[in-house]
Amino acid sequence: PCTRQVRSYFVDWRMLRDVKRRKLAYEYADERLRINAIRKNTILPKELQEVADKEIAALPRDSCPVRIRNRCVLTSRPRGVKRRWRLSRIVFRHFADHAQMSGIQRAMW
Amino acid sequence: STSSVLSTEKDKSTTSTGSTNEVASKSPEGAAETPKQKLLNIIGNMKVEVTTKKKFQQLKTQEIKKQATDKLEGLDSRSSTFQGPAEDAQRSKPLNRELVEAVSAVASSLPRSKEQTESELLAQLRRHEETTDKQRKGGTINIRNVISEMSIKRQSPAQRGVMISNRISLAMEEDGQRLKPDRLSSRSFDSRRYFLSLREGKRLNIFTKAPPETESALKTVSSPTIWDLEFAKEIAAVTDQPPRNGFEEMIQWTKEGILWEFPIDNEAGMDDDAEFHEHIFLEKHLKDFPKEGPIRHFMELVICGLSKNPYLSVKQKIEHIEWFRNYFDEKEEFLQEM
């Protein structure tokens, strides 16, 4: 948890929360991978796997990668985001029409 | 090399002295053989500086004097020819009598005509003396004297054709590097080379990795004070003018790390110095695990997966296994309950 004041400019708080989730997910990625390797196993005894279940549940909730949402980088729009450019459809269209997207052209066939 | 030659000379001289004392008739040939080799070596190194050559000759004369009894007998018979070069030497500067003796000894040992070799050697000596005197006085070397004694080498038209063809083949080589190995070998053995081949020459180091110390930052003192940091920041603020053109901008970006370095290095930032066997054969890290049971089975699967993983470094793989070891150590009590 961030105790100091957050001074960087993010479009809105939801974007900030998404950034925090990404950071935590990066930190705990190895541990989660290893505990999951113990859990999703047919060789190890089941008791061990139950213990591993409890352990992974005890990790911070924001550390799981499933909670990350690919928002638009400029407008923080959660929906309609193209993965390649990380932009929402509206921003993408705006830039493409002003010829500021490299290699993008209006389709006509 | 000089010291080694001298040592061999001394060894041979002692042996040859022993041989000369024994057999008088055979000694001229026997003694001439071993010093002949030495003398041939010396003559082979004729392009050595003047001082060393002179020292050589002086040392040689000192050794030859021991065996010189036989040689002097020969010298007396050719006293007339001996006088000739001595008189010629008197012209420019009286050469060292020992040197002249050595010259005659050398000439006698060589198979070619003695008089010609003698005169040539004496001419060489005279020239060396002249050059040393001039250098001492600080005079310039007259090229005419040097060139006048050099002879022009004639080239047969066949050899000229070979050279031209080699030049043409060089042009081909630059294009496609498709020279047949026969041509390559013939070119490599060609003694005369008026052009640089692709494999010779000093490297330009354009496409090699720049050494990391070319633009190394200032070496930090043990404890940089705040004032030093501030001073450095001030200097940076003043000197770092905005880039004048696109090239400087790209240079700045490359320094910051925004732009990659060209030609693109696929392994930039990845300094994995481990060999392939360290990546694949990870069983040695499984020493602390129990040899049987489900845990061992599980760990062997883990190792199999790690060995196929090209994205992790060896350290990361070892850390992975260590984490599992710690985990299972913590759970040991729990496992023994079961």
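Residues numbered from 1 in each chain as written. Chains lettered and ligands numbered in written order. Predicted model: local features only at pLDDT ≥ 70, side-chain atom pairs only at ≥ 80, totals over all residues. Heavy atoms only, no water.

For chain B, the name recorded in an unreviewed UniProt entry is Small ribosomal subunit protein mS31, with Asarcornis scutulata as its organism. The UniProt entry for chain B carries the following comment under Sequence similarities (unreviewed entry): "Belongs to the mitochondrion-specific ribosomal protein mS31 family." Taken from UniProt, the Subcellular location (unreviewed entry) comment for chain B reads in full: "Mitochondrion". (UniProt positions renumbered as here; feature names shortened; annotations may be inferred.)

Per an unreviewed UniProt entry, chain A carries the name 28S ribosomal protein S14, mitochondrial and comes from Asarcornis scutulata. As stated in UniProt under Sequence similarities (unreviewed entry), the record for chain A gives "Belongs to the universal ribosomal protein uS14 family."

Asks: Lay out the interface of chain A and chain B with the relevant residues and their values.
Replies: Each side of the interface is counted separately: chain A has 15 residues, and chain B has 15 residues. The three residues of chain A that bury the most area against chain B are Arg34(A), Ile43(A) and Leu48(A), which together make up 45% of that side's buried surface. Connecting chain A to chain B are one salt bridge. Residue Lys331(B) is joined to Glu55(A) by a salt bridge in which the shortest nitrogen-to-oxygen separation is 2.7 Å. (Contact = heavy atoms within 4.5 Å. Buried area = accessible area lost by both parts, 1.4 Å probe. Salt bridge = Lys/Arg side-chain N within 4 Å of Asp/Glu carboxyl O.)

Asks: Got a sec to walk through helix α2 (residues 46-58) of chain A? Specific residues and values, please.
Replies: The end-to-end C-alpha distance of α2(A), which contains 13 residues, comes to 19 Å, matching closely the 18 Å that a straight helix rising 1.5 Å per residue would cover. Buried within α2(A) we find Leu48(A), Gln49(A), Val51(A), Ala52(A) and Ile56(A). Seen end-on, α2(A) carries its buried residues on one side only, within an arc spanning 155°. Within α2(A), the exposed residues directed more than 90 degrees away from the buried face are Lys46(A), Lys54(A), Ala57(A) and Ala58(A). Looking at the buried side of α2(A), the elements it contacts are α1 (13-39) of chain A together with α14 (314-330) and α15 (332-337) of chain B. (Helix = DSSP H or I, 4+ residues; strand = E, 2+ residues; numbered from the N terminus. Expected span 1.5 Å × (residues − 1). Buried < 20%, exposed > 50% of the residue type's maximum accessible area, 1.4 Å probe, protein only. Arc of directions from axis to C-beta.)

Asks: Account for a nonpolar patch on the surface, naming residues and giving values.
Replies: Residue and element names in this part refer to chain B. Taken together, the side chains of Ile143, Val146, Ile147 and Met150 present a nonpolar region at the surface, about 390 Å² in accessible area. Relative to the helices and strands, Met150 resides in the loop between α7 (143-148) and α8 (157-176). Owing to a relative accessible area of 54%, Met150 belongs among the exposed residues under this scheme. (Patch = residues over 30% accessible without salt bridge, like charges linked within 9 Å, V, L, I, M, F, W, Y side chains within 5 Å. Areas by Shrake-Rupley, 256 points an atom, 1.4 Å probe, with all protein chains shown as cover.)

Asks: So, the packing of α1(A) against α14(B): which residues are in play, and what are the values?
Replies: The interhelical angle for the contact between α1(A) and α14(B), taken along N-to-C directions, is 55°, at an axis separation of 11 Å. Between α1(A) and α14(B), the angle falls in the class oblique. Crossing handedness for the pair α1(A) and α14(B): right-handed. Contacts between α1(A) and α14(B) involve Glu31(A), Leu33(A), Arg34(A), Ile35(A), Ala37(A) and Ile38(A) on the former and, on the latter, Glu319(B), His320(B), Trp323(B), Phe324(B) and Tyr327(B). A class-by-class count of the residues in the contact of α1(A) with α14(B) yields seven nonpolar, one polar and three charged. (Axes fitted to C-alpha atoms, helices over the stretch in contact; angles between N-to-C directions. Parallel < 35°, antiparallel > 145°, perpendicular 65-115°, else oblique. Left-handed = near helix turned anticlockwise from the far one by under 90°. Nonpolar A, V, L, I, M, F, W, Y, C, P; charged D, E, K, R; others polar.)

Asks: Before we move on, could you go through the packing of aromatic side chains and cite the residues and values that matter?
Replies: The full count for this structure, using the stated rule, is eight aromatic pairs over all chains. Ring geometry for Trp85(A) and Phe92(A): centres 4.8 Å apart, planes at 45°, overall tilted. Taking relative accessible area as the criterion, Trp85(A) reaches 27% and is therefore assigned partly exposed. With a centroid separation of 5.8 Å and 75° between ring planes, the pair formed by Tyr327(B) and Phe328(B) is classed as edge-to-face. In terms of burial, Tyr327(B) and Phe328(B) fall into one category: buried. Put simply, the rings of Phe289(B), Phe298(B), Trp323(B), Phe324(B), Tyr327(B) and Phe328(B) touch in pairs and so form one group of aromatic residues. (Phe/Tyr/Trp six-rings, centres within 6.5 Å; stacked < 30°, edge-to-face > 60°.)

Asks: Tell me about a negative patch on the surface, and name the residues and values.
Replies: Residues and elements named next belong to chain B. On the surface, Asp329, Glu330, Glu332, Glu333 and Glu337 cluster together into a negatively charged patch. Mapped onto the negative patch, the elements with two or more residues apiece are α14 and α15. Counting residues per element, the negative patch draws most heavily on α15, at three residues. The residue Asp329 is located in helix α14 in this model. A residue is classified by how much of its surface remains accessible, and Asp329, at 43% relative accessible area, is partly exposed. (Lys, Arg positive; Asp, Glu negative; His and termini not counted. Charge placed at Lys NZ, Arg CZ, Asp CG, Glu CD.)

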